[in-house]
Amino acid sequence: MYKIFLLLLFAITPTLVFAKIKHTIHIPEFDDNDTFETFSVDGSITNFFHNPGSLNARPDLSGTAYNRYDVDMEFQRESLFMEADIACLTDKDTANSFTTLSEIDKDFTIGYRTDVLDLYVEYEHDGPTNHTLTRSYTGVGGRYTNDTSFLGSKLSWLIDIEKVIANNQYGSRPDGTGQANMIVDFHLDLDLPDQFSFSTEQIVYTDKHKYVQGSEWDRLFQINYQIFSDVILLVYQEVDTFLDMRQPRQVFWGAGAVYEF
């Protein structure tokens, strides 16, 4: 009972930073009992229980996102790896906000794993179900991952730097303006007692032709609780922050569950 109380406490306690993460946040590894270790599938559902229109339900920034359904697949054979993610959003303002899809996002990554870096090519496509505006980009990047310990607990972190090489209206600011050029992502997972863990993600975007000056900073804090061997519950807060202009930041809360098939 106290674990459920602690989870609810995290859900209602305000955090100090915020963010608008474009992809489902990676969570710490499961206690994986799969016999085929080179292939994994995760499914998740997220409900945005406090979202005053800051996370939209479509690429044209219309509607208010209510639920998000994700399927994530990962495959690795020797040094080659592939990742695929399909995410669907629903609109809070529709007649059936649980099942009527407003946006379908598809992301595919193929890469090569070296002893130091993961090198990859990524394609992201965000499309509405009943509007016309779509957003997509193709990028190339490198990702460095490290596992260590902190105060006796497992600490995992990664830094990912990606260059957008083709852009179709994929914005570089929270309001959808600009064109994303560089995407720098820092992610951290820390194990906590009693099957809890903490995740944070920090993403900085630059606008077209800019490589150092950021245009958007996305920050997220998340608490995970592994309630069963293949099920993780999570709560998080996100906020979008403008870096190159004065605009109000966008804030929302989400709660979800992830299942490993």
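Each remark here, short or long, concerns the structure printed above.
Keep in mind that what you see is a predicted model, and the values were worked out from it rather than measured.

Cut-offs applied
- Residues numbered from 1 in each chain as written.
- Predicted model: local features only at pLDDT ≥ 70, side-chain atom pairs only at ≥ 80, totals over all residues.
- Heavy atoms only, no water.
- Helix = DSSP H or I, 4+ residues; strand = E, 2+ residues; numbered from the N terminus.
- Pairing = 2+ DSSP bridges.
- Phe/Tyr/Trp six-rings, centres within 6.5 Å; stacked < 30°, edge-to-face > 60°.
- Buried < 20%, exposed > 50% of the residue type's maximum accessible area, 1.4 Å probe, protein only.
- Axes fitted to C-alpha atoms, helices over the stretch in contact; angles between N-to-C directions.

**Student:** Even after reading the chapter, I still don't get unusual backbone geometry, so can you show me in this structure?
**Tutor:** The phi angle of most residues is negative, glycine excepted, and most peptide bonds adopt the trans form. Backbone geometry at Leu61 places phi at a positive 70°, although glycine is not the residue there. Within the secondary structure, Leu61 sits in the loop between strand E1 (39–50) and strand E2 (65–77). Residue Glu78 is not a glycine yet carries a positive backbone phi of 55°. Locating Glu78 in the fold gives a position in the loop between E2 and strand E3 (80–91).

**Student:** Looking at this structure, I do not really get the pairing of strand E7 (residues 153–168). What am I missing?
**Tutor:** Note on strand geometry: in a regular strand, side chains alternate between the two faces of the sheet. Pairing of strand E6 (residues 135–150) with E7, which is carried by 15 bridges, proceeds in the antiparallel orientation. Note on E7: the bridge partner recorded for Arg143 is Asp160. The antiparallel hairpin formed by E6 and E7 contains two residues in its connecting segment, where Leu151 sits at a positive phi of about 55°.

**Student:** Looking at this model, I keep getting lost on the packing of aromatic side chains. Mind explaining?
**Tutor:** Centre-to-centre distance and the angle between the planes together describe a pair of aromatic rings. Inspection of every chain in the model, using the stated rule, returns nine aromatic pairs. Ring plane angle 85° and centroid distance 5.5 Å describe the contact between Phe48 and Phe252, whose orientation is recorded as edge-to-face. In this pair, Phe48 sits in strand E1 while Phe252 sits in strand E12 (residues 250–260), placing the two residues 204 residues apart along the sequence. A relative accessible area of 3% means that Phe48 is categorised as buried. In this structure Phe252 comes out as buried when scored by relative accessible area, which is 2%. An aromatic cluster of three or more residues is present, and its members are Tyr144, Trp157 and Phe186.

**Student:** How should the pairing of strand E5 (residues 118–128) be read in this particular structure?
**Tutor:** The buried fraction of E5 amounts to eight of the 11 residues, a majority that puts the element mostly inside the structure. Looking at chain direction, strand E4 (residues 101–113) and E5 are connected through 11 bridges and run antiparallel. When the bridges of E5 are listed, Asp107 appears paired with Glu124. Joining the antiparallel neighbours E4 and E5 is a turn of four residues.

**Student:** Just to check I follow, could you spell out the sheet that holds E12 for this structure?
**Tutor:** Strand pairing within a sheet occurs via backbone hydrogen bonds; the two strands may be parallel or antiparallel. Within the closed barrel, the 12 strands sit side by side as E1-E2-E3-E4-E5-E6-E7-E8-E9-E10-E11-E12. Their pairing is antiparallel. Here the strands of the sheet are splayed against their neighbours by 20° on average, with no regard to which way each runs. By the bridge criterion, 11 bridges tie E2 to E3 in an arrangement that is antiparallel. Within E3, the position partnered with Gln76 by the bridge is Phe81.

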